[in-house]
Amino acid sequence: MTQQTEQFANRIQDHRPPARMTGCGAVLAMFALFFTGAAVADLLHLGFLVGFSFLAGCVLAVRFAKRSALLAVVVSPPLIFLVAVACAESISSSGATGHSGMLSAAEGTILTLAAAAPWLFGGEALGLVLALFRGLPQCVRDLRAGLRGPVTPGPGAPWADAE
């Protein structure tokens, strides 16, 4: 590359804001990745692809989510994964209809969850560790403060203004 091209590329990278998703956007992105991974893994009979999509979804969602959305992004992946796998299994289950089709989808969902259990544990743990470095403790403190409500000093409180 020429010197001018390098300078231009550096200027673009310096001024580009980092991509940040809202909590809903991160949840939808995780669902899309989990569902796609489960459907492709079922189609190609590649069991590890389901777990890898979970791991990638957890890490990418924590990386690109806003700091204020980290708590939702860390807590929700197992439920999102369950729903995505159930949807993928119900679509790709055998051509049977009625009770046998539902039984086939439930069986496939349970077996897929059991096979992906180590990936689920690893993805959730890695996402939690990354979120801790991105500001998850502050999100928890904000949640706790919001649940307590506004603090108004009572007449006997040590921080109340003495009249």
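Rules and cut-offs
- Along each chain, numbering runs from 1 in the same order as the chain's sequence is written.
- Only residues with pLDDT of 70 or above have their local features reported here, since the model is predicted, and side-chain atom pairs are shown and tallied only from 80 upward, although totals for entire chains, interfaces and linings are computed over all residues.
- Only heavy atoms go into the side-chain values, all of them from the structure, while hydrogens and water stay out.
- We count a stretch as a helix when DSSP gives it H or I for four or more residues in a row; a strand needs E for two or more, and each element gets its number in order from the N terminus.
- A simple rule labels every residue: compare its accessible area, found with a 1.4 Å probe on the protein chains alone, to the largest value its type can have, and call it buried under 20%, exposed over 50%, or partly exposed in between.
- Two residues form a contact once any of their heavy atoms are found within 4.5 Å.
- Under the convention used here, a 1.4 Å probe and the Shrake-Rupley method define accessible areas, while residue burial counts only the protein chains that appear.
- The convention used is that axes are lines fitted to C-alpha atoms, helices contributing only their stretch in contact, and that angles between N-to-C directions extend from 0 to 180 degrees.
- Any angle between 65 and 115 degrees counts as roughly perpendicular, while under 35 counts as roughly parallel, over 145 as roughly antiparallel, and the rest as oblique.
- Any residue that is not Ala, Val, Leu, Ile, Met, Phe, Trp, Tyr, Cys, Pro, Asp, Glu, Lys or Arg is counted as polar, Gly included; the first ten are nonpolar and the last four charged.
- Working rule for helices: expected span equals 1.5 Å times residues minus one.
- The directions considered for the arc run from the helix axis to the C-beta atoms.
- For any helix crossing, the convention is left-handed if the near helix is rotated counterclockwise from the far helix by under a right angle, and right-handed if that rotation is clockwise.

## Side note on the overall build of the chain
Inference 1: The helix and strand tally for the chain stands at 8 helices and 0 strands.
Inference 2: Its helices and strands in sequence order give the chain the pattern α-α-α-α-α-α-α-α, from N to C terminus.
Inference 3: Buried residues in the chain amount to 26% of all 163 residues.
Inference 4: Taking contacts inside the chain between residues at least 6 apart in sequence as the whole, the part at least 24 apart equals 73%.
Inference 5: Taken as a whole, the chain presents about 10800 Å² of accessible surface, with 69% of it coming from carbon and sulfur.

## Re the packing of helix α3 (residues 47-64) against helix α7 (residues 117-134)
Inference 1: Where α3 meets α7, the axes come as close as 9 Å, and the angle between the chain directions of the two elements is 10 degrees. Between α3 and α7, the angle is such that the two are roughly parallel. Within the contact between the two elements, α3 uses Phe 48, Gly 51, Phe 52, Phe 54, Leu 55, Cys 58, Val 59, Val 62 and Arg 63 and α7 uses Trp 119, Leu 120, Gly 122, Gly 123, Glu 124, Leu 126, Gly 127, Leu 130, Ala 131 and Arg 134.
Inference 2: Its residues assigned to classes, the contact of α3 with α7 shows 12 nonpolar, 4 polar and 3 charged.

## Some details on the environment of Ala 117
Inference 1: As for its position among the elements, Ala 117 is in helix α7.
Inference 2: Spatially, the C-alpha atoms of Ala 117 and Gly 51 are 7.9 Å apart, while their sequence positions differ by 66 residues.

## Structural notes on helix α2 (residues 23-44)
Helical periodicity: at 3.6 residues per turn, an α-helix aligns residues three or four positions apart in one direction.
Inference 1: For α2, spanning 22 residues, the distance from its first C-alpha to its last is 31 Å, which sits close to the expected 32 Å at 1.5 Å a residue.
Inference 2: Looking at α2, one finds that the buried residues are Ala 26, Met 30, Phe 34, Gly 37, Ala 38 and Ala 41. Relative to the axis of α2, the buried residues are bounded by an arc of 95 degrees and lie together on one face. Counted as exposed and oriented over 90 degrees from the buried face of α2: Cys 24, Leu 28 and Leu 43.
Inference 3: Count one or two residues on from α2 and you reach His 45, which has phi positive near 60 degrees.

## Description of α7
Inference 1: The end-to-end C-alpha distance of α7, which contains 18 residues, comes to 26 Å, matching closely the 26 Å that a straight helix rising 1.5 Å per residue would cover.
Inference 2: Along α7, the positions that sit buried rather than exposed are Gly 123, Gly 127, Ala 131 and Arg 134. Considered in projection along α7, the buried side chains sweep an arc of 65 degrees and stay on one side of the axis. Summarising the geometry of α7, the exposed residues directed more than 90 degrees from the buried face are Pro 118, Phe 121 and Phe 133.
Inference 3: The secondary structure elements touched by the buried residues of α7 are α3, α4 (70-75) and α8 (136-148).
Inference 4: Directly beyond the C-terminal end of α7, a positive phi value near 120 degrees is found at Gly 135.

## Concerning the packing of α2 against α3
Inference 1: Taken N-terminus to C-terminus, the directions of α2 and α3 make an angle of 165 degrees; their axes are 8 Å apart at the nearest point. With respect to α3, the axis of α2 lies roughly antiparallel. Every pair of crossing elements has a handedness; the one defined by α2 and α3 is right-handed. Residues Ala 26, Met 30, Leu 33, Phe 34, Gly 37, Ala 38, Val 40 and Ala 41 of α2 form the contact with α3, whose own contacting residues are Leu 49, Val 50, Ser 53, Phe 54, Ala 56, Gly 57, Cys 58 and Ala 61.

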